[in-house]
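Structural overview for review
Below are the chains, spelled out letter by letter.
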Amino acid sequence: MTGAATTVITDPGLFLNAVVAGLLLGGFYAAVALGLSVAFGQLDIVNIAHPAFIIVGSYFAYLFGARYGFDPVITGILLTPVFFVLGMAVYSIYYASFERTGQESLSGLAFFFGLMFIIEVTLIMIYGVDYRLVSAPYIGVNWKIGVVDFPLRMAIPFVVSMLMTIGLYFYLSKTFIGRAILAVSQDRQALQLMGADPVKIKQVAFGLALATASIAGALLIVIGPVEPSINREYIGRAFAIVVLGGMGSIAGTVLAAFILGIAESFVLTYASPSWAPAVAFGILLFTLAVRPSGILGRPS
Amino acid sequence: MAHSILRRLAVSAAAFTALAAIPALFSTPAVAQQKPIKVGFSMALTGPLGAGGKSALIGMEIWRDDVNAKGGLLGRPVEFVYYDDQTNPAKVPPLYTKLIEVDQVDLVVSSYGTNVIVPAMPIVMRKKMVFPALFGLAVNDEFKYDRYFQIMPAGPVPKEDWSRGFFQIAKSKNLKTVALAAADAEFAQNAVDGARKIAKSMGFEIVYDKSYPPPTTDFAPIVRAIQATNPDVVYVGSYPPDSVGMVKAANELGLKTKLFGGGMVGLQFAAIQKNLGPMLNGIVNYDFWVPAPTLNFPGIDAFLKKYQEKAAAAGVDPLGHYLPPWAYAYLEVLGQAVSATKSLDQDKLAQHMRTTTYNTIVGPVKFGANGEWASTRALMVQFRDLKADNLEQFTKAGSRVVLYPDSVKSGELAFPYRQ
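Residues numbered from 1 in each chain as written. Chains lettered and ligands numbered in written order. Predicted model: local features only at pLDDT ≥ 70, side-chain atom pairs only at ≥ 80, totals over all residues.

What to know about the overall build of chain B
- Across its full length, chain B carries 14 helices and 14 strands.
- Here chain B has a C-alpha radius of gyration of 24 Å; the compact-globule value for 419 residues is 22 Å, and the two agree.
- By its C-alpha atoms, chain B is 100 × 40 × 35 Å across when sized along the principal axes.
- In chain B, the proportion of contacts linking residues at least 24 apart, taken out of those at least 6 apart, comes to 72%. (Helix = DSSP H or I, 4+ residues; strand = E, 2+ residues; numbered from the N terminus. Rg over C-alpha atoms; globule rule 2.2 N^0.38 Å. Contact = placed C-beta atoms within 7 Å.)

Rendered as structure tokens:
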């Protein structure tokens, strides 16, 4: 083993930085997967277009930044109501066309697949296929605490993602509608017997899921350049996180995002980076083999 | 009897000629009445290389319009027949089959990029057509097709010539150790293969040599792993989103190395240049044309002016320094060959293109035996004194100083990158 290689393995700073970089990356992955955790994990809607909506969020952040000088993250937060309403509208179409008639499994998947392409093509037609980037005072700034780096380009998405996740977690567990959403995911009929309309509840839940895409999109464009088809890179990763965490578990989604983030960071630091996706999906397969319901999912 | 028939035929022919000439009396220019020369191609208008493909198409259309304004080729107007290949190699063979068999184009040229040039080769080779290609890296290494002419000035041994300048600069500063990082994708792997060979042949010690998957989100762990090996030189072969991630991570973490850059795609694009601004300072990276007194060839300014007017509306690279002039130039070469041979005969065109030096807006172009440039003119440029959020600065000489090759060198290396 060469001297340089030995230094790499025994350097404690490198190890600590790999952990922190993994957590920061995992925090961002949590933001990407959070909406899917609600839509797919709790409502059983295979919204394969969720990452495409995230890209729409990125383009809004770009647009408001380029035209009006808005900070991308502020734009993402301000536009959550718009995405919420959009989500409710999308669910209404989905419900009327597929769920009501019991065709949601395959036709619903085709619907969201089509939606993904429509979003992609629309973005291409309006903005072209060039990469879009944003500027913000914190992009390119690094806070160093001891030997550990906190690049704000990754740290701010981490903080915003955690705040969003905590907010959603408390909304779902403490409010009436939130608990109704959890209930509809567990027993739709029981909820109906309690006098609540499961369709309306699911509509609100899907709106919430899409509202997270506004913020996640803003975080994505803070981290790196975005073009319309980049959403495809996140489909596999987002679904893997939701399944690994346990369907419908917000805490499980965050935990799974951290696991994938740290695994990716360690592989990039210590092993051959090419193996990063294989290791991430290897963890998923192993977990599902020993615990089919995911890390924090309820056994069926 | 025979005499009578001959006389009737002569009268008929004269009448026919006269009738055929009537429309010409009422029309100008004459070129509009001729059967057009059809140039067929697929282009990456969407998909991963869509941004470049769209800007290339603008460059090509400017050439077509320039040629038609001067009366066309062989007195015939030039017309394009093209389809979007979506940067999808699987779509390319049927498109070229359609162009040749159904649309019956007279000439073909390639799409943009190695991945979509390679699948067109067997189709074009079967028809023995000349094939001017736009930015393919080492495509002809396998095909060895004697009618392939590639406009990107990589050089006769493209994989190695691509990074030769970078390592010659490193050698001139007596640097010893090298880190190589590249995306797991065809172009980046080709580039880093060449870099590895050149580095070894020049006696560098390779202390880091790894690839990463293209959807990598955070490059900080890779930059740290590279830094831990303390290399004198960091050579990166990357695609636009990775290049941005790598440059940002290198700046955030304060990557300390003496020479940084090499084969990063994207640092030539205006939107990325504007966004990265001062983060680019000191990086030495490949390029093909930059505003510099040594590269101010006749016609390039007029071309860029036309391009920049059209680019804003199309939402593509607003400066167009990287790809569009070459998209214009590969058609210029084909057009000059057609004019010089006064023919669309593929044998004559190929023979002419193999032996002639063409004067184009990107400078004199001469092809070698394998269809690549006879000698490399892959530039190594260093970004200098850049400020934040300023696109205008990239239009001026001095923002990218040409360090290699010597024939077009415009300044000296600012050394080191960061101590």
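Examining the sheet that holds strand β3 (residues 107-108) of chain B
Residue and element names in this part refer to chain B.
- In space, the three strands of this open sheet follow the order β2-β1-β3, with parallel pairing throughout. Since the sheet does not close on itself, it has two edges, and those belong to β2 (78-84) and β3, each with one partner.
- Pairing geometry for strand β1 (residues 37-43) and β2, over seven bridges, is parallel. Directly across from V39, in β2, lies its bridge partner F80.
- Across the sheet, helix α2 (residues 50-69) touches β1 and β2, and the angle it forms with β2 is around 165°. (Pairing = 2+ DSSP bridges. Axes fitted to C-alpha atoms, helices over the stretch in contact; angles between N-to-C directions.)

Structural notes on the sheet that holds strand β8 (residues 233-238) of chain B
Residue and element names in this part refer to chain B.
- The seven strands lie next to each other as β7-β6-β8-β9-β10-β13-β14, forming an open sheet whose pairing is mixed. Each having just a single partner strand, β7 (205-212) and β14 (400-404) make up the two edges of the open sheet. Across this sheet, the average inter-strand angle for adjacent strands is 25°, counted without regard to direction.
- Relative to strand β10 (residues 284-287), strand β9 (residues 259-264) is paired through two bridges, and the arrangement is parallel. Following the sheet pairing, G261 is matched in β10 by V284.
- Helix α8 (residues 186-201) contacts β6 (177-183), β7, β8 and β9 of the sheet and is inclined by roughly 165° relative to β6.

Focus on the interface of chain B and chain A
- Between chain B and chain A, the residue contacts involve 40 residues of the former and 36 residues of the latter.
- Counting residues per element, the ones that place at least two in the side of chain B that touches chain A are α2, β7, α9 (220-228), α10 (240-253) and α11 (270-276) of chain B.
- Counting residues per element, the side of chain B that touches chain A draws most heavily on α10(B), which supplies eight residues.
- For the side of chain B that touches chain A, the per-class residue count stands at 19 nonpolar, 12 polar and nine charged. (Nonpolar A, V, L, I, M, F, W, Y, C, P; charged D, E, K, R; others polar.)

A short note on the packing of helix α5 (residues 80-99) of chain A against helix α6 (residues 106-127) of chain A
Residue and element names in this part refer to chain A.
- At a minimum axis distance of 10 Å, the contact between α5 and α6 shows a crossing angle of 145°. When the axes of α5 and α6 are compared, the crossing they make is right-handed. Only S107, G108 and F111 of α6 make contact with α5, whose side of the interface consists of Y94, S97 and F98.
- Counted by class, the contact of α5 with α6 contains three nonpolar, three polar and no charged residues. (Left-handed = near helix turned anticlockwise from the far one by under 90°.)

Re the domain arrangement of chain B
Residue and element names in this part refer to chain B.
- As far as domains go, chain B holds domain 1 (32-155 + 297-366) and domain 2 (158-294 + 377-408).
- One C-alpha centre belongs to domain 1, the other to domain 2; they are set 28 Å apart.
- Those elements that provide at least two residues to the side of domain 1 that touches domain 2 are α4 (114-117) and α13 (324-341).
- Partitioned by chemical class, the residues of the side of domain 1 that touches domain 2 number 11 nonpolar, four polar and one charged. (Domains from an automatic or database assignment.)

Describing unusual backbone geometry
- Cis rather than trans, the peptide bond between Y404(B) and P405(B) has omega equal to 0°.
- Residue position: P405(B) is located in the segment after β14.
- Look at the link from F415(B) to P416(B): it is a cis peptide, with omega at -5°.
- Here P416(B) shows up in the segment after β14.
- For D44(A), which is not glycine, the phi dihedral falls at a positive 60°.
- One can find D44(A) in the loop between α2 (12-42) and α3 (50-68).

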